[in-house]
Amino acid sequence: MCRPEGPRWRWGRGAPGPTLLLSLLASAAPLGLLGEETRQVSLEVIPDWQGPPQNLLHIRAVGANSTLHYVWSSTGPPAALLVATDTPRSTLAVNWSRLLSPEPDGGLTVLPTDSVRFSSAIVFTRLFEFDDTNTSEASAKPPGKPYPPYSLAEFSWDNITDSLDPATLSATFRGHPIRDPTGAFANGSLAFRVQAFPGSGRPAQAPRLLHSADTCQLEVSLVGAAPRGNRSLFGLELVTLGRGPDCPSMREQSSIDDEYTPAVFQLDQLLWGSPPSGFMQWRPVAFSQRQRGRDSALPCQASPLRPTSEYPLPQSPIVRAFFGSQTNFCAFNLTFGTSTGPGYWDERYLSWSMLLGVGPPPMDSLSPLILGIMAVALGAPGLMLLAGGLFLLLGHKQCSEYQPIN
(Lines give C-alpha, C1' and ligand atoms only; values in the text may rest on other atoms or scores of the structure.)
Protein backbone atom coordinates (compact mmCIF):
# COMPACT_ATOMS: atom_id res chain seq x y z
CA MET A 1 0.00 0.00 0.00
CA CYS A 2 2.32 2.67 -1.20
CA ARG A 3 1.95 5.37 -3.71
CA PRO A 4 3.39 4.87 -7.19
CA GLU A 5 6.90 6.04 -7.83
CA GLY A 6 7.67 8.97 -10.06
CA PRO A 7 7.05 12.72 -9.96
CA ARG A 8 3.63 14.15 -9.27
CA TRP A 9 1.91 16.89 -11.19
CA ARG A 10 2.46 20.03 -9.17
CA TRP A 11 2.16 23.77 -9.43
CA GLY A 12 4.00 26.10 -7.09
CA ARG A 13 3.13 29.68 -6.36
CA GLY A 14 5.86 31.41 -8.33
CA ALA A 15 7.61 28.09 -9.01
CA PRO A 16 9.18 27.55 -12.45
CA GLY A 17 8.49 24.66 -14.75
CA PRO A 18 5.45 22.38 -15.19
CA THR A 19 5.01 21.56 -11.53
CA LEU A 20 1.59 21.13 -10.05
CA LEU A 21 2.13 21.95 -6.39
CA LEU A 22 0.22 24.94 -5.09
CA SER A 23 2.21 26.01 -2.06
CA LEU A 24 1.85 29.02 0.16
CA LEU A 25 4.38 29.46 2.96
CA ALA A 26 3.26 30.90 6.26
CA SER A 27 4.65 30.84 9.77
CA ALA A 28 2.75 28.41 11.97
CA ALA A 29 1.83 29.14 15.55
CA PRO A 30 2.38 26.24 17.98
CA LEU A 31 -1.24 25.91 19.12
CA GLY A 32 -1.62 22.12 18.95
CA LEU A 33 -3.75 19.92 16.74
CA LEU A 34 -6.67 22.34 16.68
CA GLY A 35 -6.61 26.09 16.36
CA GLU A 36 -3.49 26.58 14.22
CA GLU A 37 -3.46 30.25 13.26
CA THR A 38 -1.61 29.68 9.99
CA ARG A 39 -0.63 26.67 7.92
CA GLN A 40 1.54 25.86 4.93
CA VAL A 41 -0.97 24.73 2.31
CA SER A 42 -0.34 22.65 -0.81
CA LEU A 43 -2.67 21.18 -3.43
CA GLU A 44 -1.65 18.28 -5.64
CA VAL A 45 -3.34 16.06 -8.17
CA ILE A 46 -2.21 12.48 -7.60
CA PRO A 47 -1.99 10.68 -10.96
CA ASP A 48 -2.55 7.02 -11.73
CA TRP A 49 0.52 6.27 -13.82
CA GLN A 50 -0.90 2.99 -15.08
CA GLY A 51 -4.27 4.19 -16.40
CA PRO A 52 -6.31 7.15 -17.58
CA PRO A 53 -6.26 10.37 -15.49
CA GLN A 54 -8.18 10.15 -12.21
CA ASN A 55 -9.49 13.21 -10.41
CA LEU A 56 -7.86 12.76 -7.01
CA LEU A 57 -7.03 16.06 -5.34
CA HIS A 58 -4.99 16.11 -2.13
CA ILE A 59 -4.88 19.26 0.00
CA ARG A 60 -2.22 19.14 2.72
CA ALA A 61 -2.28 21.88 5.37
CA VAL A 62 0.75 21.70 7.68
CA GLY A 63 0.90 23.48 11.04
CA ALA A 64 3.51 23.57 13.76
CA ASN A 65 2.23 20.40 15.46
CA SER A 66 -0.38 18.93 13.12
CA THR A 67 -1.41 18.24 9.54
CA LEU A 68 -4.81 18.29 7.88
CA HIS A 69 -5.42 16.12 4.83
CA TYR A 70 -8.40 16.84 2.55
CA VAL A 71 -8.83 14.29 -0.23
CA TRP A 72 -11.39 15.18 -2.92
CA SER A 73 -12.36 12.80 -5.69
CA SER A 74 -14.95 12.43 -8.45
CA THR A 75 -14.26 8.72 -8.88
CA GLY A 76 -17.76 7.51 -8.10
CA PRO A 77 -19.92 10.26 -6.58
CA PRO A 78 -18.03 13.44 -5.59
CA ALA A 79 -16.64 12.91 -2.10
CA ALA A 80 -14.22 14.39 0.41
CA LEU A 81 -12.16 12.83 3.18
CA LEU A 82 -11.01 14.93 6.13
CA VAL A 83 -8.15 13.52 8.19
CA ALA A 84 -6.33 15.33 11.03
CA THR A 85 -3.03 14.09 12.45
CA ASP A 86 -0.91 15.21 15.41
CA THR A 87 2.34 15.48 13.45
CA PRO A 88 3.50 17.94 10.77
CA ARG A 89 5.14 15.05 8.87
CA SER A 90 2.15 12.82 8.04
CA THR A 91 1.68 11.82 4.38
CA LEU A 92 -1.01 10.34 2.15
CA ALA A 93 -0.33 6.96 0.50
CA VAL A 94 -2.36 5.77 -2.51
CA ASN A 95 -2.49 2.23 -3.89
CA TRP A 96 -4.18 2.78 -7.25
CA SER A 97 -4.67 -0.86 -8.18
CA ARG A 98 -6.50 -1.46 -4.91
CA LEU A 99 -8.37 1.87 -4.96
CA LEU A 100 -9.89 1.16 -8.38
CA SER A 101 -10.69 -2.47 -7.66
CA PRO A 102 -14.13 -3.79 -6.62
CA GLU A 103 -12.75 -4.08 -3.05
CA PRO A 104 -10.87 -0.79 -2.49
CA ASP A 105 -10.33 -1.30 1.28
CA GLY A 106 -6.85 -0.08 2.23
CA GLY A 107 -6.30 1.81 -1.02
CA LEU A 108 -5.88 5.10 0.85
CA THR A 109 -3.91 5.51 4.08
CA VAL A 110 -2.42 8.39 6.04
CA LEU A 111 1.00 7.55 7.48
CA PRO A 112 1.94 7.08 10.22
CA THR A 113 -1.43 5.51 10.96
CA ASP A 114 -1.14 6.07 14.73
CA SER A 115 -0.92 9.85 14.18
CA VAL A 116 -4.54 10.10 13.00
CA ARG A 117 -6.69 11.89 15.59
CA PHE A 118 -9.84 12.55 13.56
CA SER A 119 -11.32 11.42 10.26
CA SER A 120 -14.66 11.68 8.51
CA ALA A 121 -16.14 12.05 5.04
CA ILE A 122 -18.84 13.80 3.00
CA VAL A 123 -20.33 12.29 -0.18
CA PHE A 124 -22.60 14.10 -2.65
CA THR A 125 -24.84 11.40 -4.05
CA ARG A 126 -27.80 12.94 -5.91
CA LEU A 127 -29.01 16.18 -7.52
CA PHE A 128 -32.76 16.62 -7.02
CA GLU A 129 -35.21 18.61 -9.11
CA PHE A 130 -38.79 19.46 -8.12
CA ASP A 131 -41.63 21.10 -10.04
CA ASP A 132 -42.76 23.70 -7.51
CA THR A 133 -45.30 25.47 -9.74
CA ASN A 134 -48.31 24.46 -7.66
CA THR A 135 -46.68 24.66 -4.23
CA SER A 136 -47.58 27.77 -2.26
CA GLU A 137 -45.99 26.97 1.10
CA ALA A 138 -42.22 27.13 1.48
CA SER A 139 -42.39 24.48 4.20
CA ALA A 140 -44.11 21.88 2.01
CA LYS A 141 -42.46 18.45 2.24
CA PRO A 142 -41.47 17.52 -0.41
CA PRO A 143 -41.25 20.96 -2.01
CA GLY A 144 -43.07 19.85 -5.16
CA LYS A 145 -43.47 17.09 -7.69
CA PRO A 146 -40.11 15.28 -7.87
CA TYR A 147 -38.50 14.55 -11.20
CA PRO A 148 -36.16 11.53 -11.45
CA PRO A 149 -32.99 12.61 -9.60
CA TYR A 150 -29.57 12.83 -11.22
CA SER A 151 -27.14 10.31 -9.73
CA LEU A 152 -23.81 12.07 -9.31
CA ALA A 153 -22.04 8.71 -9.53
CA GLU A 154 -23.12 8.67 -13.19
CA PHE A 155 -21.54 12.02 -14.12
CA SER A 156 -18.54 12.59 -16.35
CA TRP A 157 -16.03 15.05 -14.88
CA ASP A 158 -13.49 17.30 -16.58
CA ASN A 159 -9.80 16.83 -15.85
CA ILE A 160 -9.20 18.74 -12.64
CA THR A 161 -5.62 19.62 -13.58
CA ASP A 162 -7.01 22.16 -16.05
CA SER A 163 -8.71 24.14 -13.28
CA LEU A 164 -5.98 24.43 -10.64
CA ASP A 165 -5.52 28.08 -9.66
CA PRO A 166 -2.23 28.99 -7.94
CA ALA A 167 -3.45 32.47 -6.97
CA THR A 168 -6.44 31.26 -4.95
CA LEU A 169 -5.30 27.77 -3.89
CA SER A 170 -8.39 26.31 -5.57
CA ALA A 171 -9.51 23.68 -8.05
CA THR A 172 -12.85 22.85 -9.68
CA PHE A 173 -14.58 19.54 -10.44
CA ARG A 174 -16.95 20.23 -13.35
CA GLY A 175 -19.25 17.57 -14.79
CA HIS A 176 -22.45 16.58 -16.55
CA PRO A 177 -24.49 13.36 -16.77
CA ILE A 178 -22.98 10.56 -18.84
CA ARG A 179 -26.46 9.76 -20.16
CA ASP A 180 -28.53 12.85 -20.87
CA PRO A 181 -31.43 11.78 -23.13
CA THR A 182 -33.31 15.08 -22.72
CA GLY A 183 -30.23 17.21 -23.38
CA ALA A 184 -30.76 19.14 -20.14
CA PHE A 185 -26.99 19.52 -19.65
CA ALA A 186 -26.14 20.21 -23.29
CA ASN A 187 -25.11 23.75 -22.30
CA GLY A 188 -24.88 23.27 -18.57
CA SER A 189 -22.73 21.79 -15.84
CA LEU A 190 -22.52 21.05 -12.13
CA ALA A 191 -19.33 22.31 -10.50
CA PHE A 192 -17.64 21.73 -7.13
CA ARG A 193 -15.02 24.42 -6.47
CA VAL A 194 -12.64 23.58 -3.62
CA GLN A 195 -10.51 26.22 -1.93
CA ALA A 196 -7.97 25.99 0.89
CA PHE A 197 -6.76 28.79 3.17
CA PRO A 198 -3.42 29.41 4.92
CA GLY A 199 -5.04 31.63 7.57
CA SER A 200 -8.21 33.35 8.72
CA GLY A 201 -10.39 35.68 6.68
CA ARG A 202 -13.53 36.02 4.57
CA PRO A 203 -14.09 35.67 0.81
CA ALA A 204 -15.09 38.75 -1.15
CA GLN A 205 -18.38 37.19 -2.33
CA ALA A 206 -21.44 36.28 -0.29
CA PRO A 207 -22.12 34.42 1.91
CA ARG A 208 -18.64 35.42 3.13
CA LEU A 209 -18.21 32.56 5.59
CA LEU A 210 -15.50 33.17 8.19
CA HIS A 211 -12.73 30.67 7.48
CA SER A 212 -9.56 29.70 9.32
CA ALA A 213 -6.42 27.71 8.57
CA ASP A 214 -8.28 24.63 9.86
CA THR A 215 -10.95 24.82 7.14
CA CYS A 216 -11.54 24.17 3.46
CA GLN A 217 -14.37 25.77 1.47
CA LEU A 218 -16.61 24.12 -1.11
CA GLU A 219 -18.79 26.09 -3.54
CA VAL A 220 -21.39 24.10 -5.49
CA SER A 221 -22.72 25.73 -8.68
CA LEU A 222 -25.38 24.60 -11.15
CA VAL A 223 -25.01 26.67 -14.33
CA GLY A 224 -26.83 26.56 -17.65
CA ALA A 225 -28.69 23.26 -17.22
CA ALA A 226 -32.22 23.29 -18.68
CA PRO A 227 -34.84 22.73 -15.94
CA ARG A 228 -37.59 20.20 -16.54
CA GLY A 229 -40.26 22.52 -15.09
CA ASN A 230 -41.08 26.21 -15.47
CA ARG A 231 -40.17 26.96 -11.85
CA SER A 232 -38.00 24.05 -10.86
CA LEU A 233 -36.37 23.88 -7.44
CA PHE A 234 -33.12 21.99 -6.99
CA GLY A 235 -31.58 20.14 -4.07
CA LEU A 236 -28.65 17.97 -3.06
CA GLU A 237 -28.38 14.75 -1.10
CA LEU A 238 -25.35 14.59 1.21
CA VAL A 239 -24.11 11.49 3.00
CA THR A 240 -21.70 11.37 5.93
CA LEU A 241 -20.31 8.82 8.35
CA GLY A 242 -22.10 8.17 11.60
CA ARG A 243 -20.09 8.01 14.82
CA GLY A 244 -21.03 4.69 16.38
CA PRO A 245 -24.75 3.89 16.14
CA ASP A 246 -25.81 7.55 15.98
CA CYS A 247 -25.78 10.21 13.30
CA PRO A 248 -23.78 13.42 13.75
CA SER A 249 -25.63 16.31 15.32
CA MET A 250 -27.15 19.25 13.46
CA ARG A 251 -27.19 22.64 15.13
CA GLU A 252 -28.44 26.14 14.35
CA GLN A 253 -26.62 29.25 15.53
CA SER A 254 -28.37 32.63 15.47
CA SER A 255 -26.90 36.13 15.44
CA ILE A 256 -28.17 39.70 15.22
CA ASP A 257 -25.34 40.56 12.82
CA ASP A 258 -26.06 40.29 9.07
CA GLU A 259 -23.39 42.67 7.75
CA TYR A 260 -21.57 40.00 5.74
CA THR A 261 -24.71 38.18 4.50
CA PRO A 262 -27.60 40.67 4.50
CA ALA A 263 -30.94 39.43 5.84
CA VAL A 264 -29.42 36.09 6.97
CA PHE A 265 -29.14 35.71 10.75
CA GLN A 266 -28.36 32.02 11.04
CA LEU A 267 -25.53 29.50 10.65
CA ASP A 268 -26.23 25.78 10.22
CA GLN A 269 -23.66 23.27 11.44
CA LEU A 270 -23.12 19.53 11.14
CA LEU A 271 -20.91 18.43 14.06
CA TRP A 272 -18.90 15.24 14.42
CA GLY A 273 -18.30 14.45 18.09
CA SER A 274 -19.02 16.43 21.25
CA PRO A 275 -17.13 18.66 21.73
CA PRO A 276 -16.86 18.74 17.93
CA SER A 277 -13.81 17.09 16.45
CA GLY A 278 -14.88 18.17 12.98
CA PHE A 279 -17.66 20.14 11.36
CA MET A 280 -19.46 21.22 8.24
CA GLN A 281 -20.83 24.78 8.34
CA TRP A 282 -23.00 26.84 6.01
CA ARG A 283 -25.44 29.73 5.96
CA PRO A 284 -28.98 28.69 4.95
CA VAL A 285 -28.85 30.74 1.75
CA ALA A 286 -28.07 30.15 -1.92
CA PHE A 287 -27.95 32.60 -4.83
CA SER A 288 -29.60 32.66 -8.24
CA GLN A 289 -27.27 35.27 -9.77
CA ARG A 290 -23.50 35.54 -10.03
CA GLN A 291 -23.54 38.95 -8.30
CA ARG A 292 -24.97 37.24 -5.18
CA GLY A 293 -26.88 40.23 -3.93
CA ARG A 294 -29.73 40.29 -1.48
CA ASP A 295 -32.28 40.31 -4.33
CA SER A 296 -30.97 36.95 -5.60
CA ALA A 297 -30.81 35.18 -2.22
CA LEU A 298 -32.71 31.88 -1.95
CA PRO A 299 -33.58 30.10 1.31
CA CYS A 300 -31.71 26.84 1.87
CA GLN A 301 -33.64 24.24 3.86
CA ALA A 302 -31.93 21.24 5.44
CA SER A 303 -33.77 18.03 6.32
CA PRO A 304 -33.00 16.10 9.53
CA LEU A 305 -30.22 13.53 9.38
CA ARG A 306 -31.44 10.00 8.75
CA PRO A 307 -29.74 6.58 8.62
CA THR A 308 -29.36 5.21 5.10
CA SER A 309 -29.80 1.53 5.86
CA GLU A 310 -33.22 1.57 4.15
CA TYR A 311 -31.87 2.10 0.63
CA PRO A 312 -28.60 1.46 -1.22
CA LEU A 313 -26.08 4.23 -1.76
CA PRO A 314 -23.60 4.63 -4.61
CA GLN A 315 -20.19 3.65 -3.33
CA SER A 316 -17.43 6.21 -3.00
CA PRO A 317 -14.11 4.41 -3.66
CA ILE A 318 -12.05 6.83 -1.55
CA VAL A 319 -14.39 6.51 1.44
CA ARG A 320 -14.39 2.73 1.20
CA ALA A 321 -10.61 2.72 0.65
CA PHE A 322 -9.93 4.68 3.84
CA PHE A 323 -12.67 3.50 6.20
CA GLY A 324 -13.20 -0.05 4.94
CA SER A 325 -16.62 -1.64 4.65
CA GLN A 326 -18.31 0.62 7.22
CA THR A 327 -22.06 0.75 6.65
CA ASN A 328 -23.11 3.33 9.24
CA PHE A 329 -23.96 6.24 6.97
CA CYS A 330 -26.36 9.12 7.53
CA ALA A 331 -27.91 11.38 4.90
CA PHE A 332 -29.70 14.71 4.69
CA ASN A 333 -31.10 16.85 1.89
CA LEU A 334 -30.61 20.51 1.07
CA THR A 335 -33.33 22.26 -0.96
CA PHE A 336 -32.73 25.68 -2.50
CA GLY A 337 -35.45 28.27 -3.04
CA THR A 338 -39.24 28.47 -3.10
CA SER A 339 -41.83 28.89 -5.85
CA THR A 340 -42.18 32.57 -4.95
CA GLY A 341 -39.38 35.08 -5.26
CA PRO A 342 -36.11 34.60 -7.15
CA GLY A 343 -35.10 31.18 -8.42
CA TYR A 344 -32.86 29.16 -10.68
CA TRP A 345 -35.09 30.09 -13.60
CA ASP A 346 -33.93 33.75 -13.44
CA GLU A 347 -30.51 33.18 -15.00
CA ARG A 348 -30.20 29.38 -14.88
CA TYR A 349 -27.69 29.82 -12.10
CA LEU A 350 -27.52 28.44 -8.56
CA SER A 351 -24.66 28.69 -6.06
CA TRP A 352 -24.26 27.44 -2.47
CA SER A 353 -21.18 27.40 -0.22
CA MET A 354 -20.02 25.55 2.89
CA LEU A 355 -16.94 25.04 5.08
CA LEU A 356 -15.37 21.74 6.11
CA GLY A 357 -12.88 21.66 8.98
CA VAL A 358 -11.59 20.29 12.27
CA GLY A 359 -12.19 21.46 15.83
CA PRO A 360 -14.90 23.94 16.82
CA PRO A 361 -16.40 25.88 13.88
CA PRO A 362 -15.25 29.49 13.42
CA MET A 363 -17.49 31.77 15.46
CA ASP A 364 -18.75 35.05 14.04
CA SER A 365 -18.21 37.89 16.49
CA LEU A 366 -20.15 41.15 16.25
CA SER A 367 -18.72 43.23 13.40
CA PRO A 368 -17.34 46.76 13.96
CA LEU A 369 -20.42 48.19 12.21
CA ILE A 370 -22.83 46.46 14.61
CA LEU A 371 -20.67 47.37 17.60
CA GLY A 372 -20.73 51.01 16.48
CA ILE A 373 -24.50 50.98 16.09
CA MET A 374 -24.91 49.40 19.53
CA ALA A 375 -22.55 51.94 21.07
CA VAL A 376 -24.56 54.82 19.61
CA ALA A 377 -27.92 53.25 20.49
CA LEU A 378 -26.94 52.45 24.06
CA GLY A 379 -24.58 55.37 24.63
CA ALA A 380 -26.84 58.23 23.55
CA PRO A 381 -29.45 57.73 26.33
CA GLY A 382 -26.66 57.42 28.86
CA LEU A 383 -25.07 60.67 27.68
CA MET A 384 -28.44 62.41 27.87
CA LEU A 385 -28.97 61.23 31.45
CA LEU A 386 -25.47 62.30 32.41
CA ALA A 387 -25.93 65.73 30.84
CA GLY A 388 -29.27 66.18 32.60
CA GLY A 389 -27.79 65.26 35.96
CA LEU A 390 -24.89 67.66 35.53
CA PHE A 391 -27.31 70.42 34.58
CA LEU A 392 -29.34 69.86 37.73
CA LEU A 393 -26.26 69.78 39.92
CA LEU A 394 -24.40 72.70 38.39
CA GLY A 395 -27.25 74.87 37.10
CA HIS A 396 -28.08 78.26 38.58
CA LYS A 397 -30.27 78.26 41.66
CA GLN A 398 -33.49 80.24 41.32
CA CYS A 399 -33.98 82.97 43.92
CA SER A 400 -36.98 82.63 46.19
CA GLU A 401 -39.66 85.38 46.02
CA TYR A 402 -40.23 85.13 49.81
CA GLN A 403 -38.90 88.19 51.68
CA PRO A 404 -37.95 87.56 55.32
CA ILE A 405 -39.50 89.86 58.03
CA ASN A 406 -37.05 91.71 60.19
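Residues numbered from 1 in each chain as written. Predicted model: local features only at pLDDT ≥ 70, side-chain atom pairs only at ≥ 80, totals over all residues. Heavy atoms only, no water.

1. Some details on the overall build of the protein chain
Line of reasoning, step 1. Within the protein chain, the regular secondary structure consists of 3 helices and 23 strands.
Line of reasoning, step 2. Residue burial in the protein chain is summarised as follows: out of 406 residues, 49% are buried.
Line of reasoning, step 3. When contacts within the protein chain are restricted to residue pairs at least 6 apart in sequence, those whose partners lie at least 24 apart make up 65%.
Line of reasoning, step 4. Total accessible area computed for the protein chain in this model is approximately 19500 Å², and 57% of it derives from carbon and sulfur atoms. (Helix = DSSP H or I, 4+ residues; strand = E, 2+ residues; numbered from the N terminus. Buried < 20%, exposed > 50% of the residue type's maximum accessible area, 1.4 Å probe, protein only. Contact = heavy atoms within 4.5 Å. Areas by Shrake-Rupley, 256 points an atom, 1.4 Å probe, with all protein chains shown as cover.)

2. Observations regarding the pairing of strand S15 (residues 232–241)
Line of reasoning, step 1. Along S15, 10 of the 10 residues are buried, which leaves the element largely enclosed by surrounding structure.
Line of reasoning, step 2. Side-chain alternation along S15 places Ser232, Phe234, Leu236, Leu238 and Thr240 on one buried face and Leu233, Gly235, Glu237, Val239 and Leu241 on a second face that is also buried.
Line of reasoning, step 3. Here strand S8 (residues 116–131) pairs with S15 via 9 bridges, running antiparallel. Bridging across to S15, aspartate 131 finds its partner in serine 232. (Pairing = 2+ DSSP bridges.)

3. Considerations on the state of the cysteines
Line of reasoning, step 1. Under the definition given, this model contains 1 disulfide.
Line of reasoning, step 2. Paired through a disulfide, cysteine 247 and cysteine 330 show a sulfur-sulfur distance of 2.0 Å. The sign of the S-S torsion, about -90 degrees, decides the handedness of the disulfide formed by cysteine 247 and cysteine 330: left-handed. With cysteine 247 in the loop between S15 and strand S16 (249–254) and cysteine 330 in strand S22 (residues 329–336), this pair connects stretches of sequence that are 83 residues apart.
Line of reasoning, step 3. On the accessibility criterion, cysteine 330 (1% relative accessible area) is buried. (Disulfide = S-S within 2.5 Å.)

4. Here's the deal with the nonpolar core
Line of reasoning, step 1. Judged by nonpolar contacts, the single largest core of 57 residues is most densely connected at Leu57, Ile59, Trp72, Met280, Trp352 and Leu356.
Line of reasoning, step 2. Ignoring any residue separated from it by four or fewer positions in sequence, one finds methionine 280 in contact with Ile122, Leu238, Asp268, Gln269, Leu270, Trp272, Phe332, Trp352, Met354, Leu355 and Leu356.
Line of reasoning, step 3. Grouped together as the second largest cluster of nonpolar side chains are 22 residues, Leu56, Val83, Val110 and Val239 included. (Core = buried A, V, L, I, M, F, W, Y, C linked by side-chain atoms within 4.5 Å.)

5. Regarding empty space enclosed by the protein
Line of reasoning, step 1. In total, this model carries 5 cavities of 30 Å³ or more according to the counting rule given.
Line of reasoning, step 2. Its boundaries defined by the atoms lining it, the largest cavity holds a volume of some 70 Å³.
Line of reasoning, step 3. Around the largest cavity sit Leu127, Leu190, Val220, Ser221, Leu222, Leu236, Phe336, Leu350, Ser351 and Trp352, which together line it.
Line of reasoning, step 4. Elements represented by at least two residues in the lining of the largest cavity include exactly strand S14 (215–223) and strand S23 (349–358).
Line of reasoning, step 5. Grouping the constituent residues of the lining of the largest cavity by class yields 8 nonpolar, 2 polar and no charged. (1 Å grid on protein atoms, 1.4 Å probe; cavity = no way out; pocket = protein on both sides within 12 Å on 5 of 7 lines; lining within 4 Å. Points joined across faces, edges and corners; volume = space filled by probe spheres on them. Nonpolar A, V, L, I, M, F, W, Y, C, P; charged D, E, K, R; others polar.)

6. Some points on the pattern of salt bridges
Line of reasoning, step 1. Under the criterion given, the structure shown has 9 salt bridges.
Line of reasoning, step 2. Across the pair arginine 179 and glutamate 154 runs a salt bridge, and its minimum N-O distance is 3.3 Å. Here glutamate 154 lies in the loop between strand S10 (150–151) and strand S11 (155–157) and arginine 179 lies in the loop between strand S12 (170–177) and strand S13 (189–196), a separation of 25 residues in the sequence.
Line of reasoning, step 3. Glutamate 154 gets classed as partly exposed once you look at its relative accessible area, which sits at 42%.
Line of reasoning, step 4. When salt bridges with common partners are traced through the structure, they connect Glu103, Asp105 and Arg320 into a single cluster. (Salt bridge = Lys/Arg side-chain N within 4 Å of Asp/Glu carboxyl O.)

7. Considering the side chain of serine 353
Line of reasoning, step 1. On the secondary structure map, serine 353 appears in strand S23.
Line of reasoning, step 2. When residues no more than four places from it in sequence are discounted, the contact partners of serine 353 are Pro207, Leu209, Leu218, Glu219, Trp282 and Arg292.

8. Quick word on unusual backbone geometry
Line of reasoning, step 1. With an omega of -5 degrees, the peptide bond running from leucine 111 to proline 112 counts as cis.
Line of reasoning, step 2. By secondary structure assignment, the location of proline 112 is in the loop between strand S7 (108–111) and S8.
Line of reasoning, step 3. Phi angles above zero are rare outside glycine, and arginine 208 is one such case at about 55 degrees.
Line of reasoning, step 4. One non-glycine residue with positive phi stands out, namely arginine 292, at about 55 degrees.
Line of reasoning, step 5. Mapped onto the elements, arginine 292 comes out in the loop between strand S19 (285–287) and strand S20 (297–302).
Line of reasoning, step 6. By relative accessible area, arginine 292 is classed as buried at 8%.

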